[in-house]
Amino acid sequence: MKGNKGRRRRSDSVGTMELKMRNLVMRFVRDETAATAIEYGLIAAGISVSIIAIIQGIGSRLNTTFVSVVAGLR
């Protein structure tokens, strides 16, 4: 026992590591910052798809208008 003074018992260090791992896993499970970032990304993707669809619709109507104006000027 003289040489073991100041050393931790193996069971204490294993219990401490288990507690640290459990705390790490619980923090990971409770962390919602990545979910929020994904939600914002999905919202941005939906908005961009809507904008592209609207611009394509407006673009084809503008093209028709310009073609009729050019035909009227000839």
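Source: prediction; values computed, not measured. Within every chain, residues take consecutive numbers counted from 1 along the sequence as written. Given that the model is predicted, a residue must reach a pLDDT of at least 70 before its local features are reported, and side-chain atom pairs must reach 80 or more before they are shown or counted; all residues, however, enter totals for whole chains, interfaces and linings. Calculation of side-chain values draws on the structure's entire complement of heavy atoms; hydrogens and water are dropped beforehand.

**Some remarks on the overall build of the protein chain**
What counts is decided by this rule: The way it works is that DSSP assigns letters per residue, a run of H or I at least four long becomes a helix, a run of E at least two long becomes a strand, and they are numbered from the N terminus. Accessibility here uses a 1.4 Å probe with only protein chains present; expressed as a share of the type maximum, an area under 20% marks a residue as buried, one over 50% as exposed, and anything in between as partly exposed. To measure how exposed things are, a 1.4 Å probe is used in the Shrake-Rupley method; for residues, cover is taken only from the protein chains shown.
When you go through the protein chain residue by residue, the secondary structure sums to two helices and zero strands. A burial count over the protein chain gives 0% of its 74 residues as buried. Entry remark: accessible area of the protein chain is about 7,300 Å², with carbon and sulfur atoms responsible for 65%.

**A look at a nonpolar patch on the surface**
Stated formally: Patches here are clusters of residues that have more than 30% relative accessible area and form no salt bridge, with a 9 Å joining cutoff for like charges and a 5 Å cutoff for nonpolar side chains (Val, Leu, Ile, Met, Phe, Trp, Tyr). Salt bridge, as applied in this entry: a Lys or Arg side-chain nitrogen positioned within 4 Å of an Asp or Glu carboxyl oxygen.
There is a patch of nonpolar side chains on the surface, built from Y40, I43, I47, I51 and I55 and spanning about 540 Å² of accessible area. By relative accessible area, Y40 is classed as exposed at 58%.

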